[in-house]
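# Report on the structure
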Amino acid sequence: MIVIMGIHIASAGVADFHQVLADHPRYWGERDLRPLHLLAMVQEFGSTCLAARAEDGIRGYIFGFVTPDGTGYVHLIATRDDARGIGLGRRLYMAFAEAAERQGARQLKAITSIENTGSIAFHRSLGFDTKIVDDYNGPGRAMAVFHRDLPLNVSRP
């Protein structure tokens, strides 16, 4: 468990998952990404599905896993609307990277839509290489694909 500014980052549980879905608009605004939230991820990859908890609830979360080839794949990362701009996303990525390295990961990977300029800028600020891949998510559905080697040594604000 990592504790920073009264925020505890630790493995997410089933209750955390349900709380995140209940508060979905606070993390994602108008975008409905609930179908991308899979309880099986929290059940099966508990050490790399993390929640940032404070007294007032879950401020952010990161859900991912480590592939057999040693890639720490981040499926979702989000911070609550009132927890943005304090470096929480960066801290969640650091915690995920540490957990993934403990499982043998040597690199990180994530994807986002090409319209998600905020996510693209965030990943670039963490040192990810970005490549736009046509048809990544089906015909006519290009995605921004992020890669970077571990360790994730980034300054914390």
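Scroll up to find the structure this text is about.
Read on for a plain summary of the structure. (Residues numbered from 1 in each chain as written. Predicted model: local features only at pLDDT ≥ 70, side-chain atom pairs only at ≥ 80, totals over all residues. Heavy atoms only, no water.)

All right, on to helix α5 (residues 117-125) then. At 3.6 residues per turn, the α-helix brings residues three or four places apart onto the same side. Within α5, the full set of buried residues consists of Ser 119, Ile 120 and His 123. Seen along its axis, α5 keeps its buried residues to an arc of 100 degrees; they face one direction. Set apart from the buried face of α5 by more than 90 degrees, the exposed residues are Thr 117 and Arg 124. Each element contacted by the buried residues of α5 is listed here: α4 (88-102), β6 (107-113), β7 (129-133) and β8 (143-149). At the exit of α5 stands Gly 127, carrying a positive phi of roughly 90 degrees. (Buried < 20%, exposed > 50% of the residue type's maximum accessible area, 1.4 Å probe, protein only. Helix = DSSP H or I, 4+ residues; strand = E, 2+ residues; numbered from the N terminus. Arc of directions from axis to C-beta. Contact = heavy atoms within 4.5 Å.)

What follows deals with the packing of α4 against α5. Close contact between α4 and α5 brings their axes to 11 Å; oriented N to C, the two are set at 60 degrees. The angle between α4 and α5 falls in the class oblique. α5 is crossed by α4, and the crossing has right-handed handedness. Listed contacts from α5 to Gly 89, Arg 90 and Tyr 93 of α4 are Phe 122, His 123 and Ser 125. Across the contact of α4 with α5, the residue classes tally to 2 nonpolar, 3 polar and 1 charged. (Axes fitted to C-alpha atoms, helices over the stretch in contact; angles between N-to-C directions. Parallel < 35°, antiparallel > 145°, perpendicular 65-115°, else oblique. Left-handed = near helix turned anticlockwise from the far one by under 90°. Nonpolar A, V, L, I, M, F, W, Y, C, P; charged D, E, K, R; others polar.)

Take the pattern of salt bridges next. In a structure, side chains of opposite charge can pair up when their charged atoms sit close to one another. Counted by the stated rule, this structure contains 7 salt bridges. Close ionic contact of Asp 32 with Arg 34 constitutes a salt bridge, the shortest N to O distance being 2.8 Å. Given a relative accessible area of 44%, Asp 32 falls into the partly exposed group. Through salt bridges that share partners, Arg 26, Asp 56, Arg 59, Arg 80, Asp 81 and Asp 82 make up one connected network. (Salt bridge = Lys/Arg side-chain N within 4 Å of Asp/Glu carboxyl O.)

Moving on, we come to the environment of Gly 46. Take Gly 46: it is sitting in the loop between α3 (39-44) and β3 (49-54). Taking the C-alpha atoms as reference points, Gly 46 and Arg 34, 12 residues apart in sequence, are found 19 Å from one another. Beyond its immediate stretch of four places on either side in the chain, Gly 46 contacts Ser 11, Ala 12 and Met 41.

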